[in-house]
Amino acid sequence: MKSLPRRAALLACLFAPLAGCVTQQMLREGERLEREGQFLAAALRYLDVLDRDAKNEQAQNGLKKIGPDAYSQGLAVATSAESAKRYPAAADAYQALSVFIERMKNRRLLSFDTIDANAKALEMADKAAEQMYATGEQAFAARRWTEAITAYKEAQRFKPGHRDTNQKIAEALYNRAGEGLAARQWRAAAQDFADSAKSGGGSFRDALDRGGAIHVALARYFQSQGRCRQAAADLNTAASFLGPDAVRADLDAALACARTPVAVLPLENRTNRTVEGVSPGDALANVVSQQIAERGSRFVPLVPNSVLQAVMQARASGINARVPDVRFIVSGQLTQVRTRLPHDRSREQAAGRMTVPCGQTIPAPPPGQARSTCIRTALRSSAPPRCWSLLH
């Protein structure tokens, strides 16, 4: 029986407009936080409700009830952190209190006296920035680069541009990159070099050169292993470090190696059947070609039909011609062609498409044409066995 109210609330939520449902969820969350004694968090949730529904009486009454307690609770957290000299926590607490006070003023619900929480937040932010800077300096001196970077960034969060934090971050990143390089953590080191150059504003002039050199070295290794697409990806990254001219020759070689040209030949139609005067073998070859062109990556170009036709004409004349620069050839034979009259034309037209091999589709017959064609084929590929694996 205890689950009935919850089920009723769920059903009401399902059948209510989405906006009203979300508002009710926020209101219930505020009530839960209030019951748990988290008054400031509850008050902020009630204020969120009023942002969506300014006349919501439950939220207004909730704020009138717990507003003073919410303020006192937030102030206690802030002053406690300040007394303990935990200035980052104090700055965040005073800032949250300042936001709460401002939102209460805007809703004309502020019925109690408050301190200038915004001024205290700014005061604590200065102390927090200095405290985090000192923490960063200690970590830097101990060569704990990641800890130092985190502390310097925290100092910047409280006071952007505090002291020389940008330079300190750049130097810590550069040092961490050097250690990563020694530990063979190639990509992490390259990224740290890039971030160091960005943060240092040109102070570490060789950071980009060193980061780019890592990606060039990786690319040459991958190309030597036949992983040309990965090589091309690393060279594109290297170009962002060093400029396109510095890697042009390597990149051209990697792209040439990475290309996988595909030739799609018309399927052999041993049945000698046609559909609407068109060989189904030609139609299916066109569908396969279109799908490869639309879904294939930039590394999978199609051999142009003009080239294929020239080769086929040469072979028909007895010349042993071959398709140039091709990695895969897709070919096949029609094994069966069946033509039927559908029992319900409107159903077929409503379906809109019919299935062909490899899970692809071609348009169904236009309105007024009664015939649809089911074609079974035996597709062949030099490799791999599944034809659509050629797409990527």
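Enquirer: Sorry if this is basic, but what is going on with the environment of M132 here?
Expert: Residue placement: M132 occurs in helix α6 (residues 117-141). M132 sits 25 residues away from R157 along the chain, and the two C-alpha atoms are 9.9 Å apart. Beyond its immediate sequence surroundings of up to four residues, M132 is in contact with P88, A151, E154 and A155.

Enquirer: Would you mind going over the pattern of salt bridges with me for this structure?
Expert: Note on pairing: side chains with opposite charge can pair once their charged atoms come close. What the rule picks out here adds up to 22 salt bridges. A salt bridge links D126 to K159, with the nearest nitrogen and oxygen atoms 3.7 Å apart. Separated by 33 residues along the polypeptide, D126 in helix α6 and K159 in the loop between α7 (145-158) and α8 (165-182) bring together distant segments of the chain. D126 sits in the partly exposed class, given a relative accessible area of 40%. Each of E29, R45, D48, D51, R103 and R107 takes part in salt bridges that share partners, so that together they form one network.

Enquirer: Looking at this structure, I do not really get the state of the cysteines. What am I missing?
Expert: Structurally, a disulfide amounts to a covalent bond that connects the sulfur atoms of two cysteines. Counted under the stated rule, the structure contains 1 disulfide. Across the disulfide, C228 is cross-linked to C257 (sulfur-sulfur distance 1.7 Å). Residue C228 is found in helix α11 (residues 228-242), and its partner C257 is found in helix α12 (residues 244-258); the two are separated by 29 residues along the sequence. The buried category is assigned to C228, whose relative accessible area is 5%. Of the residues examined, C257 reaches a relative accessible area of 28% and is grouped as partly exposed.

Enquirer: Help me out: how do you make sense of α6 in this one?
Expert: In an α-helix, one full turn covers 3.6 residues, which means residues spaced three or four apart are oriented alike. Between its terminal C-alpha atoms α6 stretches 36 Å, which fits the 36 Å expected from 25 residues at 1.5 Å a residue. Three or more residues of α6 are buried, namely A117, K120, A121, M124, A125, A128, A129, M132, Y133, G136, A139 and F140.

Enquirer: Looking at this model, I keep getting lost on the nonpolar core. Mind explaining?
Expert: Nonpolar side chains in soluble globular proteins generally cluster together in the buried interior. In terms of nonpolar packing, the biggest core is built from 25 residues, with F193, A207, I214, L235 and V247 touching the most fellow members. When contributions to this core are tallied by element, the ones reaching two or more residues are α8, α9 (186-200), α10 (207-224), α11 and α12. Dropping the residues within four chain positions of it, A207 is found in contact with Y174, F193, S196 and A197. Membership of the second largest hydrophobic core comes to 22 residues, among which are L50, A70, L109 and A117.

What counts, and at which threshold
- All residue numbers refer to positions counted from 1 along the written sequence of the respective chain.
- Two thresholds apply to this predicted model, a pLDDT of at least 70 for residue-level local features and 80 or more for giving and counting side-chain atom pairs, whereas whole-chain, interface and lining totals are computed over all residues.
- The side-chain figures draw on all heavy atoms in the structure; neither hydrogens nor water molecules are used.
- For the purposes of this entry, the term helix denotes a DSSP run of H or I that reaches at least four residues, the term strand denotes a run of E that reaches at least two, and both are numbered from the N terminus.
- Whether two residues are in contact is decided by their heavy atoms, any of which lying within 4.5 Å being enough.
- Salt bridge criterion: a side-chain nitrogen from Lys or Arg within 4 Å of a carboxyl oxygen from Asp or Glu.
- Relative accessibility thresholds used throughout: buried, under 20% of the residue-type maximum; exposed, over 50%; partly exposed, between the two (1.4 Å probe, protein chains only).
- Note that a disulfide, as used here, is simply two cysteine sulfur atoms within 2.5 Å.
- Given the number of residues in a helix, its expected span is that number minus one, multiplied by 1.5 Å.
- Throughout this description, the term nonpolar core refers to a set of buried Ala, Val, Leu, Ile, Met, Phe, Trp, Tyr and Cys residues connected via side-chain atoms within 4.5 Å.

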